[in-house]
Amino acid sequence: MTAPKPQQRDVERNSEGVDVMSDVVVPARAPWSAVIAAGRSLTITDLGGNQAVDFLVYDAHDTAVRYSAPDTIQAQGNIYLSTESVLMSNEHTRLMTVTADTCGRHDTLGGACSKESNTLRYGHHTWSQHACVDNFLAEGAKHGLGKRDLVSNVNWFMNVPVEADGTLGIVDGRSAPGLSVTLRAETDVLVLVSNCPQINNPCNGFDPTPVRMTVR
Amino acid sequence: MTTATTHGARDHARAQDGTEVEAMPRIPAPDGAVWAETVAGGNYTHKVLARGTEVRFTDLEGDACAHVLLYVADRPFERLNVADTVKVLWNAYPGAGHLLLSDQGRVLASVLAADVPVETVCGTSTLARNTARYGDGSPHGASPAGRELLKLAAAKNGLAPRDLPPSISFFKGVRVDPDDGRLTFENSSRPGASITLRAEMPLIVLVANTAHPVDPRPDYACTPLDVLARPGTPTRPDDPLWNSTPEARRAFLNTADHLTARGIA
Ligand SMILES: [Zn+2]
């Protein structure tokens, strides 16, 4: 079985008549990456509904400066991301800002699924299943990134409540077909994405589906 | 004592022998310990520990905050993964009986005892944020940033800034509002509060003792941290911790599988 390839269309105007830099449908289970210049925006659209999009962002000119979940949470005093949230770096600088969000709430705590953590969460029978960390490693290698460069990521469209006693878990999603989140690059950034292939929890409604990446 | 000559300077330096201060490593560690050190507020330390070692962190005066990173000693690209730790445990506030996990589905350390929960949400402070809040975040200044201190501790173990993932901290707490996700800071410590870890793999331990990044007090505050480690035995299958949850059992099995294959179980 060959891995699905993202369908890249470099078009000037998309089907809605909007001028775009690039407009891509990332197949279910696949990775994607792009360098996005300061001032440009990325819209991530959940085409099928309740599809977790695992997301890391790096300073395009110094990838040691990368998304930091703790710095992002410190800066806004809240674990959830939505409109006006700023994705902060590990040096507490601004990487991207959420400028629009029709879903309403996104996760910063759950990190990426991996073959290794799947053995803990579900059992060793899951070892042959694909996982987000493998997408990050495969796609990141195209940009010179390796295992040391993977840190806690954003999970767009993933629902992770925290109870009063600290109990936390990935539960049924709040997203739906066509909901989207838009991010403006505050500096030149490299975005690394895994369209999550997880089938053992509800983060993808147990059915991974394609997502759309539109850079304007 | 003159220091105008080499012999005078040597006598001057040697006259310091035996000086005792509060914040210093005690070498040799007393009473069979393998690491005995008091870390000043705004300072850092690091150690390589054998599997099985029990290391206790104590907040001596009530305002310590230990920012901690763990790596497997001879393969530091396997390291603490805070997201996996909270997700696999199903808990954002780990305490006694919980495990600190690597990105490879293995146990780096178990929490044997904890007077306060491990803080997993807010990471550590940065040069930029401490400079904005206190006027300085440099490691030699009066309000050092945790990340700057951890960079130094990492460098002394051959590790670079890109080897620093989100860290955990001990003694100050943060609670998440179950309804809207907002944070509340909890000054949860007290003099004498402690957390004890057991190394389940050979570990590099990096520690920065500096104010919690969302400590709301306008003035920087951080008091000494005591660290005391003793040799011990790693968790075995007959320990209740091994079977405490299905996830813990599989994490210990993964760890044993890896160490057995390497011949160092
Ligand atoms: Zn995933």
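Please read all numbers here as calculations on a predicted model, not as lab measurements.

Draft legend 1. Representation of the UniProt feature "domain: DUF1989" (unreviewed entry) in chain B in the model. Mapped onto this structure's residue numbering, the UniProt feature "domain: DUF1989" (unreviewed entry) falls at residues 37-204 of chain B. Across residues 37-204 of chain B one finds 15% helix and 32% strand; the C-alpha atoms that close the span lie 16 Å apart.

Draft legend 2. Region of the structure containing the coordination of the zinc ion. Residue and element names in this part refer to chain A. Protein-derived coordination of the zinc ion comes from Cys 113 (SG), Cys 132 (SG) and Cys 196 (SG), at a distance range of 2.2 to 2.3 Å. Positions of the donor residues of the zinc ion, expressed as sequence spacing, correspond to C-x18-C-x63-C. Of this pair, Cys 132 sits in helix H3 (residues 132-140) while Cys 196 sits in the loop between strand S11 (189-195) and strand S12 (211-215), and the two are 64 residues apart along the sequence. Assigned by exposure class, Cys 132 and Cys 196 land together as buried.

Draft legend 3. Up close: the pairing of strand S2 (residues 22-26) of chain A. All names here are of chain A. The buried count for S2 comes to four of five residues, which makes it a mostly enclosed element. Note: S2 against S12, five bridges, orientation antiparallel. Across the sheet, Asp 23 pairs through a bridge with Thr 214, a residue of S12.

Draft legend 4. Representation of the interface of chain B and chain A within the structure. Of the residues lining the interface, 45 residues belong to chain B; the matching set on chain A comes to 45 residues. Taken over both partners, the interface formed by chain B and chain A buries close to 3900 Å², and the fraction arising from carbon and sulfur atoms is 52%. Three residues stand out in chain B for area buried against chain A, namely Lys87(B), Trp90(B) and Arg162(B), and they jointly supply 20% of the buried area on that side. Where chain B packs against chain A, one counts five salt bridges. The residue Arg148(A) makes a salt bridge to Asp163(B) at a minimum N-O spacing of 2.5 Å. For the interface between chain B and chain A, the tally reads 24 residue pairs in polar contact (both at pLDDT 80 or more). Elements represented by at least two residues in the side of chain B that touches chain A include exactly helix H2 (82-89), helix H3 (127-134), helix H4 (146-155), strand S8 (173-176) and helix H5 (246-262) of chain B. Per-element accounting of the side of chain B that touches chain A gives the leading share, five residues, to H2(B). Here the side of chain B that touches chain A is composed, by residue class, of 20 nonpolar, eight polar and 17 charged.

Draft legend 5. Layout of the sheet that holds strand S3 (residues 54-59) of chain B. Residue and element names in this part refer to chain B. As summarised here, the arrangement of the six strands in space is S1-S12-S3-S10-S6-S5, forming an open sheet in which the pairing is antiparallel. Taken across any chain shown, the strands that pair with only one partner, and hence form the sheet edges, are strand S1 (35-39) and strand S5 (99-101). Neighbouring strand axes in the sheet, compared pairwise and without regard to direction, differ in orientation by 20° on average. Against the sheet, H5 engages S5 and strand S6 (107-114), with an angle of about 55° to S5.

Draft legend 6. Molecular detail of H3(A). Residues and elements named next belong to chain A. Residues of H3 that are buried: Cys 132, Val 133, Asn 135, Phe 136, Glu 139 and Gly 140. End-on, the buried residues of H3 take up no more than an arc of 160°, which puts them together on one face. Buried-residue contacts for H3 involve strand S3 (31-36), strand S5 (53-59) and S11.

Draft legend 7. Spatial organisation of unusual backbone geometry. With omega at 0°, the peptide bond leading from Ile27(B) into Pro28(B) counts as cis. One can find Pro28(B) in the loop between helix H1 (6-14) and S1. With a phi angle near 80°, Arg29(A) is a residue other than glycine that sits in the positive phi range. Along the polypeptide, Arg29(A) turns up in the loop between S2 and S3. One non-glycine residue, Glu84(A), lies in the positive phi region at around 80°.

Draft legend 8. Spotlight on the UniProt feature "domain: DUF1989" (unreviewed entry) in chain A. As annotated by UniProt and renumbered to match this structure, "domain: DUF1989" (unreviewed entry) occupies residues 25-190 of chain A. Helix and strand shares over residues 25-190 of chain A are 14% and 30% respectively, and the end C-alpha atoms of the span are 18 Å apart.

Draft legend 9. View of the pattern of salt bridges. All names here are of chain B. Using the criterion set out here, one finds 23 salt bridges over all chains in the structure. A salt bridge links Arg 26 to Asp 226; the shortest N-O distance between them is 3.2 Å. One end of the pair, Arg 26, is in the loop between H1 and S1; the other, Asp 226, is in strand S12 (residues 225-230), and 200 residues separate them in sequence. Between Asp 115 and Arg 190 there is a salt bridge, with the nearest N and O atoms lying 3.6 Å from each other.

Draft legend 10. Geometry of the sheet that holds strand S4 (residues 66-72) of chain B. Residue and element names in this part refer to chain B. As summarised here, the arrangement of the four strands in space is S2-S11-S4-S7, forming an open sheet in which the pairing is antiparallel. Among the strands making up the open sheet, the edge pair consists of strand S2 (43-49) and strand S7 (168-170). Averaged over all neighbouring strand pairs, the angle between strand axes comes to 25°, with direction disregarded. Relative to S7, S4 runs antiparallel, the two sharing three bridges. Looking across to S7, one finds that His 67 is bridged to Ser 169. The strands that H4 touches are S2, S4 and strand S11 (203-209); relative to S11, the one it contacts most, it runs at about 145°.

How each quantity is defined
- Residues numbered from 1 in each chain as written.
- Chains lettered and ligands numbered in written order.
- Predicted model: local features only at pLDDT ≥ 70, side-chain atom pairs only at ≥ 80, totals over all residues.
- Heavy atoms only, no water.
- UniProt positions renumbered as here; feature names shortened; annotations may be inferred.
- Helix = DSSP H or I, 4+ residues; strand = E, 2+ residues; numbered from the N terminus.
- Donors = N, O, S within 2.8 Å, 3.2 Å for Na, K, Ca; no water.
- Buried < 20%, exposed > 50% of the residue type's maximum accessible area, 1.4 Å probe, protein only.
- Pairing = 2+ DSSP bridges.
- Contact = heavy atoms within 4.5 Å.
- Buried area = accessible area lost by both parts, 1.4 Å probe.
- Salt bridge = Lys/Arg side-chain N within 4 Å of Asp/Glu carboxyl O.
- Polar contact = N/O pair within 3.5 Å; in protein donor to acceptor, adjacent residues only side chain to side chain.
- Nonpolar A, V, L, I, M, F, W, Y, C, P; charged D, E, K, R; others polar.
- Axes fitted to C-alpha atoms, helices over the stretch in contact; angles between N-to-C directions.
- Arc of directions from axis to C-beta.

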